[in-house]
Amino acid sequence: MIYRNVIRLAAAGMVFCACQSDSYKIKGYASKLKDGDTITLALEDHQQKILGQTLVSQGTFALSGTTDTTVFCRVYLNSNPLSNASFFLEPGNITIELNPYPQQSRVSGTVMNNEWQKLNDQVQALGDKLIRTAEASAKTDAENRHLLQSEVDSLHHEISSCIKSTAQRNKDNVLGKYIEENYKEPEFK
């Protein structure tokens, strides 16, 4: 009877330790890149600090390691660093779809990276709409230009609101702190 309890405790301990792992695994998809292309993982703010490199093989790449802190990183194609994806390197399984520039790359897999991608998607959609509206206002008469400029201002407010909302939802994690430290809200009229 005691022997069974010891085994159960040992098994529970192994499961608990496995859940507390500090390892990360990045599974990358790069179907539009060539086999043999080099992918680099580096700190976002200090890109000379390279954390790893790998090669594209059959449209995929992989990186793994350990980290005891969550850090903002970037993976990029060595031959064209504009082909990149910024993400939060943290313990867990991270998926990256790396596309050639100017196509957008995507990240997912952990709660923080899912939130980061959601913010990027929202800002991208609003930014695209803002650009189309601004271009249209340059090609119209004064009355319509004023209406379109009001829409541009509204879209600026909406983008700012998305960013601030994401920061608020994530105020207790690295994503929220990153936005707080790096986002300067524009001064609106």
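Structure: above.
This structure is a prediction, so every number in the text was calculated from the model and none was measured. Within each chain, residues carry numbers counting from 1 in the order of the written sequence. Per-residue local features of the predicted model are confined to residues with pLDDT of at least 70, and side-chain atom pairs are confined, for both listing and counting, to 80 or more; whole-chain, interface and lining totals are unaffected and use all residues. Each side-chain value is worked out from all heavy atoms of the structure, with water and hydrogens disregarded.

A. Just the overall build of the protein chain, in detail. Going along the chain from the N terminus, every DSSP run of H or I of four or more residues is numbered as a helix, and every run of E of two or more is numbered as a strand. Helix and strand counts for the protein chain stand at four helices and eight strands. Starting at the N terminus, the α and β elements of the protein chain follow one another as α-β-β-β-β-β-β-β-β-α-α-α. Throughout this description, buried means an accessible area under 20% of the type-specific maximum (1.4 Å probe, protein chains only), exposed means over 50%, and partly exposed covers the range between. Across the 189 residues of the protein chain, 34% fall into the buried class. By definition, residues are in contact when any of their heavy atoms lie within 4.5 Å. Residue pairs at least 24 apart in sequence account for 49% of intrachain contacts in the protein chain once pairs closer than 6 positions are excluded. All accessible-area figures derive from a Shrake-Rupley calculation using a 1.4 Å probe, and residue coverage is judged against the displayed protein chains alone. Accessible surface, the protein chain: about 12,000 Å² in total, of which carbon and sulfur atoms supply 53%.

B. Broad picture of the packing of aromatic side chains. Two aromatic rings, drawn from Phe, Tyr or Trp (for Trp, its six-membered ring), form a pair once their centres lie within 6.5 Å of each other, and the interplanar angle then sorts them: stacked below 30 degrees, edge-to-face above 60, tilted otherwise. The final tally for this structure, using the stated rule, is six aromatic pairs. Ring centres of Phe72 and Phe88 lie 4.7 Å apart, and the angle between their planes is 40°; this geometry places the pair in the tilted category. Of this pair, Phe72 sits in strand β5 (residues 71-77) while Phe88 sits in strand β6 (residues 80-89); the two residues are 16 residues apart in sequence, bridging distant segments of the chain. Taking relative accessible area as the criterion, Phe72 reaches 10% and is therefore assigned buried. With a centroid separation of 5.1 Å and 85° between ring planes, the pair formed by Phe72 and Trp116 is classed as edge-to-face. Taken together, the residues span a long stretch of sequence, with Phe72 in strand β5 and Trp116 in helix α2 (residues 111-137) at a distance of 44 residues. For the pair Phe72 and Trp116, one class covers both residues: buried.

C. How the structure looks around the side chain of Arg74. Within the fold, Arg74 resides in strand β5. A polar atom in the side chain of Arg74 sits 2.6 Å from the side chain of Glu44. For Arg74, the residues in contact, after removing those within four places along its chain, are Thr40, Leu41, Ala42, Glu44, Gln47, Pro81, Asn84, Ala85, Ser86 and Phe87. We define a polar contact as two N or O atoms separated by no more than 3.5 Å, with the added condition that, inside protein, one atom must be a possible hydrogen donor and the other a possible acceptor, whereas residues neighbouring each other in sequence contribute only through side-chain atom pairs.

D. Representation of helix α4 (residues 174-182) within the structure. Within α4 the residues assigned to the buried category are Leu175, Gly176, Tyr178 and Ile179. The buried residues of α4 all sit within an arc of 160° when viewed along its axis, so they share a single face. Turned more than 90 degrees from where α4 packs its buried face, Glu180 and Glu181 sit exposed. Buried positions along α4 lie against β5, β6, α2 and α3 (142-169). Measuring from the side-chain oxygen of the N-cap residue of α4 to the backbone nitrogen of Leu175 gives 2.9 Å; that N-cap residue is Asn173. Our arc is simply the arc of the directions from the helix axis toward the C-beta atoms.

E. Highlighting the pattern of salt bridges. Criterion for a salt bridge: a side-chain nitrogen of Lys or Arg within 4 Å of a carboxyl oxygen of Asp or Glu. One pass over the structure, following the stated rule, counts four salt bridges. Note that Asp121 is salt-bridged to Arg106, the shortest N-O span being 2.8 Å. With Asp121 in helix α2 and Arg106 in strand β8 (residues 106-108), this residue pair connects regions lying 15 residues apart in the sequence. For Asp121, a relative accessible area of 31% translates into the label partly exposed. As a salt-bridge pair, Glu115 and Arg169 come within 2.9 Å of each other at their nearest N and O atoms. Of this pair, Glu115 sits in helix α2 while Arg169 sits in helix α3, placing them 54 residues apart in sequence. What makes Glu115 buried here is its relative accessible area of 17%. Classification of Arg169 as partly exposed rests on a relative accessible area of 43%.

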